[in-house]
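# Breakdown of the fold
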Amino acid sequence: MKLSQLDLNLFVVFDTIYAERNLTRAAEMLSVTQPAVSNALARLRAALGDPLFIRTGDGMAPTPYAESIAADVSEALQRLAASAQRAQAFDPARSNRVFRLSMTDAFDTLVLPKLFADLATSAPGIGLRSFRLPRADIPAALARGTLDIAAEVALPDAAGLIRRPLPPEPHVCGLRPGHPAARAPLTMERYLALDHIHVSGRQRGSGAVDIALRAVGLRRRIRVRLQHYLAVPALVMVSDLAVSLPESWARALGLTVLPLPFDVPPMQTWLYRHARSDGDAGVLWLFDRMAGATGAESQR
């Protein structure tokens, strides 16, 4: 089949299904219905003479042929998108573009309201779609263009990515107002006598606080493990549990803040975009806006 006989939008659907491995999520990313995605996939299957994706218990698995063309399709779409974006000036005051962001829950809760308040006046038509990708999936999503910007702690593989550091966050101990332990300075002995909440999106593994304690041969008593900070007040405010967390989070949650009695490296978050977005005026503009909402110095 000649390329002129093929709807190139079908490759956009292919690339999104390959990234998401799920028709429902692909439809959400493309802002279309799932039947529309299924119909597009059927047309591309017929045109290329291959099933492309096989339904499994976990979603859609690519066929060997789909695997063999995925990188080329993604690269071609990126080049086409970059060309179109360079040809079209970006006017935030008039744009209706929807940007896709992967952010930590802290960034989502503390920074996104400031960002959106800014955009409400300077770019009223701009839309934001925030979700949380696994850290390992972020570089590939930025490379494919299914993700525009990420706010995340250091990524293990940042090849091809442009990153900007956000202001570091010191760790503190958070307690409910009126907690007995808040009546005096928090010593190591008193800290270790508390029952603690540990917040992590992973099922297991240590955080910065536990690593710092282990370095001096100590361990805290973790009673509860939570997947995000938004659930913390529901437990802390009705108990004597303590939580060690970034200071801005502790204050936003209304907790009593005490300095930790040992050194913990501050939490460092970064803004990430792909190097291919150098030609995308919209991503560059939003990247600066997001940095500004955190108090980070804007730079190009």
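The structure this text deals with has already been given above.
Description of the structure in this document.

About the criteria used
Residues numbered from 1 in each chain as written. Predicted model: local features only at pLDDT ≥ 70, side-chain atom pairs only at ≥ 80, totals over all residues. Heavy atoms only, no water. Helix = DSSP H or I, 4+ residues; strand = E, 2+ residues; numbered from the N terminus. Buried < 20%, exposed > 50% of the residue type's maximum accessible area, 1.4 Å probe, protein only. Axes fitted to C-alpha atoms, helices over the stretch in contact; angles between N-to-C directions. Parallel < 35°, antiparallel > 145°, perpendicular 65-115°, else oblique. Contact = heavy atoms within 4.5 Å. Nonpolar A, V, L, I, M, F, W, Y, C, P; charged D, E, K, R; others polar. Left-handed = near helix turned anticlockwise from the far one by under 90°. Phe/Tyr/Trp six-rings, centres within 6.5 Å; stacked < 30°, edge-to-face > 60°. Core = buried A, V, L, I, M, F, W, Y, C linked by side-chain atoms within 4.5 Å. Arc of directions from axis to C-beta. Polar contact = N/O pair within 3.5 Å; in protein donor to acceptor, adjacent residues only side chain to side chain.

### Things to note about the environment of Leu-213
Mapping Leu-213 onto the fold places it in helix α8 (residues 208-215). Leu-213 sits in the buried class, given a relative accessible area of 0%. Counting along the chain gives 50 residues from Leu-213 to Asp-263, while the straight-line C-alpha distance between them is 8.7 Å.

### A closer look at the packing of helix α2 (residues 23-30) against helix α3 (residues 34-48)
Helix-helix packing is characterised by the crossing angle of the two axes and by the distance between the axes. The interhelical angle for the contact between α2 and α3, taken along N-to-C directions, is 105°, at an axis separation of 8 Å. When the axes of α2 and α3 are compared, the pair comes out roughly perpendicular. Here α2 contributes Leu-23, Thr-24, Ala-26, Ala-27 and Leu-30 to the contact with α3, which in turn contributes Gln-34, Val-37, Ser-38 and Leu-41. Here the residues of the contact of α2 with α3 sort into six nonpolar, three polar and no charged.

### A few points about the packing of helix α1 (residues 9-20) against α2
For the pair α1 and α2, the least separation of the axes is 8 Å and the interaxial angle reads 125°. As far as their axial angle goes, α2 and α1 are oblique. Considering only the axes of α1 and α2, their crossing is right-handed. Along its contact with α1, which presents Val-12, Val-13, Thr-16, Ile-17 and Glu-20, the element α2 presents Leu-23, Arg-25, Ala-26, Met-29 and Leu-30. In the contact of α1 with α2, the residues fall into seven nonpolar, one polar and two charged.

### Remarks on the environment of Glu-20
Inspection of the secondary structure puts Glu-20 in helix α1. According to the relative accessible area criterion, Glu-20 is buried, its value standing at 14%. In the structure, Glu-20 is positioned 126 residues away from Thr-146 in sequence and 9.2 Å away in space, judged by C-alpha atoms. In this structure, Glu-20 is in contact with Arg-25, Ala-26 and Met-29, ignoring residues within four places of it in sequence.

### Concerning the packing of aromatic side chains
Considering all chains together, one arrives at six aromatic pairs under this definition. Ring plane angle 80° and centroid distance 6.3 Å describe the contact between Phe-90 and Phe-99, whose orientation is recorded as edge-to-face. Phe-90 sits in the partly exposed class, given a relative accessible area of 21%. Consider the rings of Tyr-191 and Phe-262, whose centres lie 5.2 Å apart with planes at 70°: the pair is edge-to-face. Taken together, the residues Tyr-191 in helix α7 (residues 188-193) and Phe-262 in the loop between β11 (256-259) and β12 (269-274) connect sequence positions 71 residues apart. Given the relative accessible area of 0%, Tyr-191 is considered buried. Assessed through its relative accessible area of 12%, Phe-262 is described here as buried.

### Regarding the nonpolar core
Core analysis: the biggest nonpolar cluster contains 22 residues, and Phe-14, Ile-17, Leu-41, Leu-44, Leu-52 and Phe-53 have the highest contact counts within it. Secondary-structure elements contributing two or more residues to this core are α1, α2, α3 and α4 (64-87). The greatest single-element share of this core, amounting to six residues, is contributed by α1. Setting aside residues up to four positions removed in sequence, Phe-14 forms contacts with Leu-44, Leu-52, Phe-53, Ala-66, Ile-69, Ala-70 and Val-73.

### A few points about α2
Among the residues making up α2, those that are buried are Leu-23, Ala-26, Ala-27 and Met-29. Along the axis of α2, the buried positions cluster into a sector of 160°, meaning they face one direction only. On the buried face of α2, the contacting elements are α1, α3, β1 (53-56), β2 (59-62), β3 (98-103) and β4 (127-131). Near the N-terminus of α2, the side chain that reaches the backbone nitrogen of Thr-24, with its oxygen 2.9 Å away, is that of Asn-22. Immediately downstream of α2, the backbone of Ser-31 shows phi near 60°, a positive value.

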